[in-house]
Amino acid sequence: AVFARTDAVEPKIHSYITETREQALAQAAAVDAKIARGERIASLAGIPGALKDNICTKGVKTTCASKILANFVPPYDATVVDKLAAQDAVITGKANCDEFAMGGSTENSGFFVTRNPWDTDRVPGGSSGGSASSVAAGQAIWALGSDTGGSIRQPAAYCGLVGLKPTYGRVSRYGLVAYASSLDQIGPITRDVTDCAIVLNAIAGHDAKDSTSINAPVPDYTQALVNDVKGLKIGLPKEYFGAGIQPEVADAIKQAVNRFSAMGAEVREVSLPHTQYALPAYYLIAPAEASSNLARYDGVGFGHRAAGSDIIDMYKKTRSEGFGDEVKRRIMLGTYALSSGYYDAYYLKALKVRTLVKQDFDQAFAEVDVLITPTAPTTAFKIGELSDPLAMYLQDICTIPINLAGLPGVSLPCGFAHGLPVGMQIIGKPLAEATIIQAAYAFE
Ligand code: GLN
């Protein structure tokens, strides 16, 4: 059914960089064989899902939507891919995204633009736009994205889906091509909260191959699928409802919060005073880490190599040809912020701000169980509408602070504005994925 659907809509939506139909059929046949032998099948048996194309798949191209990795075939699977296989999942293919996950619209893909299934003149969000569009258009039942500053939650919001960024370290990053290593997390994009819990169950857990992975027991997240928010303390951070937020979006969130009150939750306003500094801090820290992580694409070890008169010339040509404009912009910003003389003024300062942002959340969470905000300041915008990079960066104001603080956050649909889906973000304490899943499920 998902193949038939993909045949019908892919020419309009462009979700996939690579489809893996043959492998998917083999994976499905293996499930059938298990059933025929009377063996137990696992939680995702036969259920087709898509992977963002920055998640390594053995023997299958993993491009990060970059020309520099256009023909890169990893020799190993990411830990999440192994874990999905252990749950008998079927993988439909590798989904389009912004190049190296840098962006918020999937317009920065080095190959093509993905379209929003709700309105094909609009972006699906990003950077995990192909993951979201594939699920929204019925080309996959679930998908994995990665989220460094909002790239799971924002496309989920724009496509009317559920997208969860786990606590930093809850899901292994082994085999996720690094963008900004202190912020990156893999998580599920699904149609509803039940599917979100099932996919999170499959991928969460400690991994010795990722030194930042948390060694804490993984609860069964499906146990959180209960209709109960009585006494749940909800904080509304006032900084997330002010200037820059479309009034229709703020209204949809406020109506959603009224429903929580009606269900017996206790709602109060809270303040996260350093919110305004989160975006500039992120746009120093993330590019700084990216400039370091992307140094490996030099035409020597793997990926694209241009011809050059000597090795320096080869490096220059390889990187000039291989990287797109946004990636180059980030490398330059990051290199600048890390360079001697500027390190203290920019990078170190940004790290200090990051700590203040984290402390804001610690203080708020001393009073409340979860925080509710819009996921993004607007609904899905038109392709080409945000051509100014700064305007695009401002789309991340509601999601970035959560990555800086390492917290779990889920976006779920909470209504429509001008016929387009609005996403509500529920933020939890570290490792409190079950709490935000329970709140989301009760609302859904
Ligand atoms: N839009 C943000 C950025 O461009 C977030 C991207 C992400 O989460 N991968 O960095």
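Please refer to the structure higher up on the page.
On a predicted model such as this, the values are computed, not experimentally measured, just so you know. (Residues numbered from 1 in each chain as written. Predicted model: local features only at pLDDT ≥ 70, side-chain atom pairs only at ≥ 80, totals over all residues.)

Concerning the overall build of the protein
- Scanning the protein from N- to C-terminus turns up 14 helices and eleven strands.
- Computed over its C-alpha atoms, the radius of gyration of the protein comes to 21 Å, within 12% of the 22 Å expected for a compact globule of 444 residues.
- In terms of its C-alpha atoms, the protein occupies a principal-axis envelope of roughly 70 × 65 × 45 Å.
- Here the protein holds 444 residues, and 55% of them are scored as buried. (Helix = DSSP H or I, 4+ residues; strand = E, 2+ residues; numbered from the N terminus. Rg over C-alpha atoms; globule rule 2.2 N^0.38 Å. Buried ≥ 20, exposed ≤ 12 C-beta atoms within 10 Å, placed from the backbone.)

Considering the pairing of strand E7 (residues 233-237)
- Bridge count for E7 against strand E8 (residues 266-270) is five bridges, and the pairing is parallel. Residue proline 237 lies in a different strand from E8, and its bridge partner there is valine 270.
- With respect to chirality, the unit in which E7 leads through helix H7 (residues 247-262) into the neighbouring parallel E8 is right-handed.
- Across two bridges, the pairing between E7 and strand E9 (residues 370-374) is parallel. In the strand pairing of E9, glycine 235 is matched with leucine 371. (Pairing = 2+ DSSP bridges. Right-handed = clockwise from strand over helix to strand, strands pointing away.)

Quick word on the environment of asparagine 215
- Structurally, asparagine 215 is set in the loop between helix H6 (193-203) and E7.
- Given 9 C-beta atoms within 10 Å, asparagine 215 falls into the exposed group.
- The sequence separation of asparagine 215 and glycine 205 amounts to ten residues, and the corresponding C-alpha distance is 7.3 Å.

Examining the site of the ligand
- By nearness alone, 13 residues border the ligand, and Ala101, Gly104, Thr148, Gly149 and Ser151 come closest of all.
- Each residue belonging to the shell around the ligand can be placed in one class, and the counts come to four nonpolar, seven polar and two charged. (Near = placed C-beta within 6 Å. Nonpolar A, V, L, I, M, F, W, Y, C, P; charged D, E, K, R; others polar.)

Here we look at the sheet that holds strand E10 (residues 409-417)
- The strand order E1-E3-E2-E4-E6-E5-E10-E11-E9-E7-E8 describes an open sheet built from eleven strands, whose pairing is mixed. Looking at the sheet topology across the chains shown, the edges are occupied by strand E1 (16-19) and E8. Pairs of neighbouring strands in the sheet enclose a mean axial angle of 30°, with direction left out of account.
- Of the strands in this sheet, E1, strand E2 (48-52) and strand E3 (90-95) touch helix H2 (residues 21-36), which is tilted by about 160° from E3.
- Helix H14 (residues 433-443) contacts strand E5 (162-165), E9, E10 and strand E11 (420-428) of the sheet and is inclined by roughly 145° relative to E11. (Axes fitted to C-alpha atoms, helices over the stretch in contact; angles between N-to-C directions. Contact = placed C-beta atoms within 7 Å.)

Topic: H14
- Counting buried residues along H14, nine of its eleven residues qualify, which places the element largely inside the surrounding structure.
- Within H14, the full set of buried residues consists of Glu433, Ile436, Ile437, Gln438, Ala439, Ala440, Tyr441, Ala442 and Phe443.
- Tucked into the core, H14 has its buried residues touching E5, H6, H7, E9, E10 and E11.

Some details on the packing of helix H8 (residues 275-293) against helix H11 (residues 343-365)
- Across the interface, H8 lies against H11 with an axial gap of 9 Å and an inter-helix angle of 130°. Looking at the two axes, H8 sits oblique to H11. In this structure, the crossing between H8 and H11 has a hand that is left-handed. Of the residues in H11, those touching H8 at Tyr277, Ala278, Ala281, Leu284, Ile285 and Ala288 are Tyr346, Tyr347, Ala350, Leu351, Val353, Arg354 and Val357.
- When grouped by side-chain class, the residues that make up the contact of H8 with H11 number twelve nonpolar, no polar and one charged. (Parallel < 35°, antiparallel > 145°, perpendicular 65-115°, else oblique. Left-handed = near helix turned anticlockwise from the far one by under 90°.)

Quick word on the pairing of E9
- The buried count for E9 comes to five of five residues, which makes it a mostly enclosed element.
- One ladder, built from five bridges, connects E9 with E11; its direction is antiparallel. By the bridge assignment for E11, leucine 371 is matched with isoleucine 427.

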